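A structural walkthrough
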Amino acid sequence: MPVNADGLPETATPAPPPGLVTVGRYDEGPGYAVNRPQGADSWLFTWTTDGHGLLTQGAAGARADAGDLVVLGPGVPHRYQVGPGARHWRFWWAHCQARPSWTAWLSPYAVGDGLYVVAPVPATLHDRMATAFARMLSDARWPGGGAQPPGSPVDSASPAVPNGPIAVAHGTAAQELALCSLEEIVLLASAAARPLPARPGVDARVSRAEALIAADPAAAHTVRSLAEGVALSPSRFAHLFTEQLGRSPMRALREARLRHAARLLEATDLPVERVAVASGFASPFHFNRVFRERHGTPPGAYRALCRRVPAVTDSPIGLTAGSGHRCEGTGQLP
């Protein structure tokens, strides 16, 4: 059982409900820590602007210094805190479902167990990264309708971080605008940072196969086609991939397809049968079964849950989403 510095059991911190786009900025001191033994259903993006933090996911870990973009994928136990000896940790964060293209951009920076360390981001891009995060926060608050869109000329003199440190995007327009800003952040960082050295013990050909799957999970990948893509025989490739990553190539492909399908259910109105085909599943029946095994609910119900717009109350101690879900709170999580 995880324990805190005083030797007492550490309380698990709930993650935001899947389907939300949540963004904020924290400046936390020693003692701040978030522990999720079950991981989260969404991705967590963190970008440090001062001080440093310590993040662990599964068996992987990373220190986040100023200018580092550290990303935690879904479904893996994780914990993060103000780094040992640091006076504080100031960072932007965002919880959401990653767009399918992002995994290919992030894959060169994978350190294992769904943890990505995109670092160091050159200092010449820091102001633009901060501006993109501030725009994401502003866009997430846009109610739509006749309200003035964020970032318009009349708002150009607005503070960089208006109306508090946290926002939850409601409505398709606010969510997509916020995700566009985050996409700029991921693309800028991944294109400008230096990829990490190859993971110790992980063959470069295995990493390349992972990238091929992530780039197009719906493609008709097979063990043979992936093996040909990395110049290995099918038997040698399957053995090496499974030995080094702890799962077979086809298991990794299924997980990638399920992530892609979840994104389509959240962001489009495609019928479930077309989502299945667009994600690489030939049989809607098989898709329904494996999706339910992974997410605990059928695809149609998952979409309905993601589209549900909860009432959100902004209070001094945090944000509370409808149906009793605790979402985000200053000093509580991202």
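Quick caveat, the model's predicted, so the values are computed rather than measured.

How each quantity is defined
Residues numbered from 1 in each chain as written. Predicted model: local features only at pLDDT ≥ 70, side-chain atom pairs only at ≥ 80, totals over all residues. Heavy atoms only, no water. Helix = DSSP H or I, 4+ residues; strand = E, 2+ residues; numbered from the N terminus. Buried < 20%, exposed > 50% of the residue type's maximum accessible area, 1.4 Å probe, protein only. Contact = heavy atoms within 4.5 Å. Areas by Shrake-Rupley, 256 points an atom, 1.4 Å probe, with all protein chains shown as cover. Pairing = 2+ DSSP bridges. Axes fitted to C-alpha atoms, helices over the stretch in contact; angles between N-to-C directions. Expected span 1.5 Å × (residues − 1). Polar contact = N/O pair within 3.5 Å; in protein donor to acceptor, adjacent residues only side chain to side chain.

All right, on to the overall build of the protein chain then. For the protein chain, the count of helices and strands is 10 helices and 13 strands. Within the protein chain, the fraction of its 334 residues that count as buried is 47%. The contacts of the protein chain with a sequence gap of at least 6 include a subset with a gap of at least 24, amounting to 72%. Of the roughly 15300 Å² that the protein chain leaves accessible, carbon and sulfur atoms contribute 55%.

Spatial ordering of the open sheet is given by β9-β10-β6-β3-β8-β1-β11, a layout of 7 strands whose pairing is antiparallel. Only two strands of the sheet have a single partner each, and these edge strands are β9 (110–112) and β11 (166–169). For this sheet, the mean angle separating the axes of adjacent strands, direction not counted, is 20°. Most of the contacts of helix α2 (residues 126–140) go to strand β1 (residues 21–28), to which it runs at about 125°, and overall it touches β1, β3 (43–51), β8 (89–96) and β11.

The next thing to look at is helix α4 (residues 204–215). With 12 residues, α4 extends 16 Å between its outermost C-alpha atoms, agreeing within 8% with the 16 Å of an ideal straight helix rising 1.5 Å per residue. Looking at α4, one finds that the buried residues are Val206, Ala209, Ala211, Ile213 and Ala214. Along its buried surface, α4 packs onto α1 (100–106), α5 (223–229), α6 (234–245) and α7 (249–267). Capping the start of α4 is the job of one residue whose side-chain oxygen sits 2.7 Å from the backbone nitrogen of Arg205: Asp203.

Attention now moves to the sheet that holds strand β4 (residues 53–57). As a general point, the strands of a sheet are linked pairwise by backbone hydrogen bonds and lie either parallel or antiparallel. If you walk across this open sheet you meet the 4 strands as β2-β7-β4-β5, and the pairing is antiparallel. Every interior strand has two partners, whereas the edge strands, β2 (33–36) and β5 (60–64), have only one. With direction set aside, neighbouring strand axes in the sheet form an average angle of 10°. The sheet contact formed by β2 and strand β7 (residues 78–82) spans 4 bridges and is antiparallel. The residue of β7 that forms the bridge with Asn35 is Arg79.

For the rest of this paragraph, the subject is the pairing of strand β10 (residues 115–118). Residues of β10 alternate between two faces, with Leu115 and Val117 on one and Tyr116 and Val118 on the opposite face, all of them buried. Where strand β6 (residues 69–72) meets β10, 4 bridges bridge the pair, whose relative direction is antiparallel. Counted as the bridge partner of Leu69 is Val118 from β10. Looking at chain direction, β9 and β10 are connected through 2 bridges and run antiparallel. Counted as the bridge partner of Ala110 is Tyr116 from β10.

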